[in-house]
Amino acid sequence: MTDTPLHPALPDPLCADPRRPHHIAAVFDHDIGIRVNGTECHDVGENCIGERWAKVPAGKTLDRKGQPLLIKLTGKVEAFYR
């Protein structure tokens with residue numbers, strides 16, 4: 001018997017905002033990482049591996065609802081468990 005924790009499969013797309021429909025709380029119970037073009041990003045708000053994009057906050061800028069303004073980065077996107 002092994003003691004390795006079972007991780008749920010990483011969905012595509014995935015969102016960190018719990019108000020969004022692509023947010024899966026079970027995934028965020030574990031430490032996950034996102035790489036965009038080979039660089040690990042620690043502040044990804046939303047990503048889609050199949051469409052090859054990730055959205056990250058644009059500095060301290062907020063939208064009219066008080067949420068961080070997100071910009072889209074395109075390229076190779078990888079999601080993984082740490």
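This write-up is about the structure you can find in this document. (Residues numbered from 1 in each chain as written. Predicted model: local features only at pLDDT ≥ 70, side-chain atom pairs only at ≥ 80, totals over all residues. Heavy atoms only, no water.)

### Overview of the pattern of salt bridges
Right, so step 1: Counted according to the given criterion, the structure contains five salt bridges.
Right, so step 2: For Arg19, the salt bridge goes to Asp17, with nearest N and O atoms at 3.1 Å.
Right, so step 3: Notably, a salt bridge pairs Asp31 with Arg82, separated by 3.6 Å at the nearest N-O pair. Of this pair, Asp31 sits in the loop between β1 (14-15) and β2 (32-36) while Arg82 sits in the segment after β7 (77-81), and the two are 51 residues apart along the sequence.
Right, so step 4: Residue class for Arg82 comes out partly exposed when judged on its relative accessible area of 48%.
Right, so step 5: Each of the salt bridges in this network shares a partner with another, and the network as a whole consists of Asp31, Glu40 and Arg82. (Salt bridge = Lys/Arg side-chain N within 4 Å of Asp/Glu carboxyl O. Helix = DSSP H or I, 4+ residues; strand = E, 2+ residues; numbered from the N terminus. Buried < 20%, exposed > 50% of the residue type's maximum accessible area, 1.4 Å probe, protein only.)

### Focus: the side chain of Glu46
Right, so step 1: By secondary structure assignment, the location of Glu46 is in strand β4 (residues 46-48).
Right, so step 2: Side chain to side chain, Glu46 and Arg20 meet in a polar contact 3.4 Å long.
Right, so step 3: Beyond its immediate stretch of four places on either side in the chain, Glu46 contacts Leu14, Cys15, Arg20, Trp53, Ala54 and Lys55. (Polar contact = N/O pair within 3.5 Å; in protein donor to acceptor, adjacent residues only side chain to side chain. Contact = heavy atoms within 4.5 Å.)

### A closer look at the sheet that holds strand β3 (residues 39-41)
Right, so step 1: Taken in spatial order, the three strands make up an open sheet running β3-β2-β7, and their pairing is antiparallel. Here the strands that pair on one side only, and so sit at the sheet edges, are β3 and β7. The average undirected angle you get between the axes of adjacent strands in this sheet is 35°.
Right, so step 2: Bridge count for β2 against β3 is three bridges, and the pairing is antiparallel. Bridging from a neighbouring strand, Val36 pairs with Thr39 of β3. (Pairing = 2+ DSSP bridges. Axes fitted to C-alpha atoms, helices over the stretch in contact; angles between N-to-C directions.)

### Details of the sheet that holds β1
Right, so step 1: If you trace the four strands from one edge of the open sheet to the other, you get β1-β4-β5-β6, paired in antiparallel fashion. Either end of the sheet is taken by a strand with one partner, and the two such strands are β1 and β6 (68-74).
Right, so step 2: Alignment of β1 against β4, held across two bridges, turns out to be antiparallel. Bridge assignment links Cys15 to a residue of β4, and that residue is Glu46.

No statement about biological role is implied by the geometric values presented.
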